[in-house]
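Below, each chain spelled out in residue letters.
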Amino acid sequence: MTGTDQQNIANLPDVTALPSKVILPAAHAINYGQSIQQAIRLAGAEPILAGSSHHCSICELEKHLQEPGTSCLLLVSSRLVAGNEIDFKAAVKAAHDAGLPTIIDGAAQDRRLADLLDTGTDLLLLSAQKYLSAPTAGIILGTQQLVDSVRANERGIGRAMKASKEAIFGVLAAIEERQTENLAIWQAEQAEKLARFIGQANEIPQLEAFSIPDMTGLPFSRACLTVTRSKTNVGAAGLVEALKMGTPGIRVMEHALREERIIFELVPLHETEIAVILERISEILVPK
Ligand SMILES: *Cc1c(COP(=O)(O)O)cnc(C)c1O
């Protein structure tokens, strides 16, 4: 919205006279602990939802992109999005045809950076503290002009989002480490860790464990556990609560709990930590 114009930057969140509508597919209006729409409004912009929560066509995006006062198209690449999959390349092209830039929020998708940049997006946002395992910070990639515009907002509302110098050096170290990593070896290690967890979970008679691939195409799978009701009076929800209440507290992914599925993300975990999880599950489910 502001470019590098100092007056525009000083005026935010006042966007009078600036194009300020951010087009977002309705199914991408996620909540990652905060509603993304509020994050947009914080800058003075106005989120405009395109399509419905289960469907948004390129046609619907085009219709909104033509409207006066539109600033950009925002797409979200995350397992949190719902509805039909949107063809990112086609969506980016539609924005470019309307003379507008695109932003992809790919917070947890640093391992898909090349794919996401390949869509032709003008900006890509990544969280440093997710799979990159750096201290909390954000990474912005994109065209020089737009990255310069974001940077210029350091002297405006960006000040409130300032990353510490310790975090910045941590991010640089994490990027260096990632660059020397062998992806095939990493994937094999993750697959082996997962297979061992699933094998051991399946030895608990009250459980059924299997692996499920990441739905966004991240290069690893997660473990899914279901509790066999006939063999225990602790259901999936009961198991999740008991895991939380124990020491150490164990948190799982709960988004599939309605289907009685408990998802475990093992990527950041060590073998010793995995052993603690299996021990706790067994204590909760297996009667003494
Ligand atoms: C995690 C997440 C965020 C928030 O990122 P922070 O780095 O925690 O601010 C935003 N968008 C998506 C899609 C996320 O997954």
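Since the model is a prediction, treat every value here as computed from it, not as a measurement.

> What is the right way to look at unusual backbone geometry in this model?
In most cases, non-glycine residues show a negative phi, while peptide bonds are predominantly trans. A cis geometry characterises the amide bond from Leu 12 onward to Pro 13, with omega recorded as 10°. Relative to the helices and strands, Pro 13 resides in the loop between helix H1 (6-11) and strand S1 (21-25). Here the bond from Thr 247 into Pro 248 is cis, since omega is 0°, no more than 30 degrees from zero. In this fold, Pro 248 is placed in the loop between helix H9 (236-245) and strand S9 (261-264). A positive phi angle, near 65°, is found at Glu 260, a position not held by glycine. Looking at the secondary structure, you find Glu 260 in the loop between H9 and S9.

> Mind showing me how you'd approach the sheet that holds strand S5 (residues 123-127) here?
What holds strands together in a sheet is hydrogen bonding between their backbones, with the strands either parallel or antiparallel. Taken together, the 6 strands give an open sheet; going across it, the order is S2-S1-S3-S4-S5-S6, and neighbouring strands pair in mixed fashion. Each edge of the open sheet is held by one strand with a lone partner, namely strand S2 (46-50) and strand S6 (138-142). Between one strand and the next, the sheet's axes are offset by a mean angle of 25°, whatever the strand orientation. As paired strands, S1 and S2 are joined by 5 bridges and run parallel to one another. The residue bridging Leu 24 from the neighbouring strand is Leu 49, located in S2. Together, strand S3 (70-76) and strand S4 (102-105) form the strand contacts of helix H4 (residues 88-97), whose direction differs from that of S3 by roughly 175°.

> I'm lost on the site of the ligand in this one. Help?
Taken together, the residues surrounding the ligand are Ile 30, Tyr 32, Val 76, Ser 78, Asp 105, Ala 107, Ser 127, Gln 129 and Lys 130. Between an oxygen atom of the ligand and a side-chain N or O atom of Lys 130, the distance comes to 3.0 Å. Here the ligand has 380 Å² of accessible area as a free molecule, and 71% of this is covered by the chains. Class assignment of the residues belonging to the shell around the ligand gives a composition of 4 nonpolar, 3 polar and 2 charged.

> Can you walk me through the pattern of salt bridges in this structure?
Side-chain pairing between opposite charges can occur once the charged atoms of the two side chains come close. Applying the stated criterion to the full structure yields 13 salt bridges. Put simply, Asp 97 and Lys 93 hold a salt bridge, and the shortest N to O gap is 2.9 Å. With Asp 97 and Lys 93 both in helix H4 and 4 residues apart, this pair spans about one turn of that helix. A salt bridge links Glu 283 to Arg 280, with the nearest nitrogen and oxygen atoms 3.1 Å apart. Residue Glu 283 and its partner Arg 280 are located together in helix H10 (residues 271-285), separated by 3 residues, close to a single helical turn. Ionic contacts of the salt-bridge type, sharing partners, join the residues Glu 192, Arg 196 and Glu 271 into one network.

What counts, and at which threshold
- Residues numbered from 1 in each chain as written.
- Predicted model: local features only at pLDDT ≥ 70, side-chain atom pairs only at ≥ 80, totals over all residues.
- Heavy atoms only, no water.
- Helix = DSSP H or I, 4+ residues; strand = E, 2+ residues; numbered from the N terminus.
- Pairing = 2+ DSSP bridges.
- Axes fitted to C-alpha atoms, helices over the stretch in contact; angles between N-to-C directions.
- Contact = heavy atoms within 4.5 Å.
- Near = heavy atom within 4 Å.
- Polar contact = N/O pair within 3.5 Å; in protein donor to acceptor, adjacent residues only side chain to side chain.
- Areas by Shrake-Rupley, 256 points an atom, 1.4 Å probe, with all protein chains shown as cover.
- Nonpolar A, V, L, I, M, F, W, Y, C, P; charged D, E, K, R; others polar.
- Salt bridge = Lys/Arg side-chain N within 4 Å of Asp/Glu carboxyl O.

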